Amino acid sequence: MKPNMQSTLQSVGVFRHYCGYPHFVLAVAIAAENPDRLQNIRKEIYLPVTKLCHTKLANVEKNIRTIRDIVMRNDGAALLEEMTGSSCWRKHTPYPKEIIGIFAEYFSDELKNEEWLSSMRP
């Protein structure tokens, strides 16, 4: 059985008390709805997150980078390798766009559950 996104994030040290947690989860959910949005991430993902979370664009960008950094510091390369089947993450830290896309694809079925997503909105 595949773990859910919350337990996966917890396994690499990302907990709900981080400011960036809802930003990251919402960004992943928006990308899962339409992966093409990742091509214009600031306008089509980050701006909607700023509105939903009542914050500034710079905060969303910084907080998502922080979540990415926490993941990578806590053996996230192994997690990303498991999620993607690629070992490139041991040599290359993913861009925020890449990690959002990986999580969006991997958890797309879970993210279709609107009850779960609505519980994440601030």
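The rules behind each value
Residues numbered from 1 in each chain as written. Predicted model: local features only at pLDDT ≥ 70, side-chain atom pairs only at ≥ 80, totals over all residues. Heavy atoms only, no water. Helix = DSSP H or I, 4+ residues; strand = E, 2+ residues; numbered from the N terminus. Contact = heavy atoms within 4.5 Å. Areas by Shrake-Rupley, 256 points an atom, 1.4 Å probe, with all protein chains shown as cover. Buried < 20%, exposed > 50% of the residue type's maximum accessible area, 1.4 Å probe, protein only. Axes fitted to C-alpha atoms, helices over the stretch in contact; angles between N-to-C directions. Parallel < 35°, antiparallel > 145°, perpendicular 65-115°, else oblique. Left-handed = near helix turned anticlockwise from the far one by under 90°. Nonpolar A, V, L, I, M, F, W, Y, C, P; charged D, E, K, R; others polar. Core = buried A, V, L, I, M, F, W, Y, C linked by side-chain atoms within 4.5 Å.

A. Representation of the overall build of the chain. The number of helices and strands found in the chain is eight helices and zero strands. Listed by position from the N terminus, the elements making up the chain come as α-α-α-α-α-α-α-α. Considering only contacts within the chain whose residues lie at least 6 apart along the sequence, 61% involve residues at least 24 apart. Surface exposure of the chain reaches about 6,900 Å², of which carbon and sulfur atoms provide 49%.

B. Inspection of helix 3 (residues 41–53) at higher detail. All of the buried residues along helix 3 are Ile41, Ile45, Tyr46, Val49, Thr50 and Cys53. Looking at the buried side of helix 3, the elements it contacts are helix 2 (20–33), helix 4 (57–73) and helix 6 (96–106). Phi turns positive one or two residues past the end of helix 3, at histidine 54, with a value near 55°.

C. Main features of the side chain of arginine 68. By the secondary structure assignment, arginine 68 is in helix 4. Accessibility expressed as a relative area gives 12% for arginine 68, which makes it buried. In this structure arginine 68 touches Thr93, Pro94, Tyr95, Pro96 and Ile99, once residues within four positions along its chain are discounted.

D. Summary view of the packing of helix 5 (residues 76–84) against helix 6. For the pair helix 5 and helix 6, the least separation of the axes is 10 Å and the interaxial angle reads 50°. When the axes of helix 5 and helix 6 are compared, the pair comes out oblique. Crossing handedness for the pair helix 5 and helix 6: left-handed. Listed contacts from helix 6 to Leu79, Leu80, Glu82, Met83 and Thr84 of helix 5 are Ile99, Ile102, Phe103 and Tyr106.

E. Spotlight on the packing of helix 2 against helix 6. In contact at an axis separation of 8 Å, helix 2 and helix 6 are set at 65° when each is read in the N-to-C sense. Put simply, helix 2 runs roughly perpendicular to helix 6. Our pair here, helix 2 against helix 6, has a crossing hand that is right-handed. Contacts between helix 2 and helix 6 involve Phe24, Ala27, Val28, Ala31 and Ala32 from the first element and Ile99, Ile100, Phe103 and Ala104 from the second. Class assignment of the residues belonging to the contact of helix 2 with helix 6 gives a composition of nine nonpolar, no polar and no charged.

F. Region of interest: the nonpolar core. With 38 residues, the main nonpolar core has Phe24, Ile100 and Phe103 as its most contacted residues. Elements with a contribution of two residues or more to this core: helix 1 (5–11), helix 2, helix 3, helix 4, helix 5 and helix 6. A total of nine residues in this core trace back to one element, the largest contributor, which is helix 2. With residues near it in sequence (within four places) discarded, isoleucine 100 still touches Phe24, Ala27, Val28, Ala31, Leu38, Ile41, Tyr46 and Ile64.

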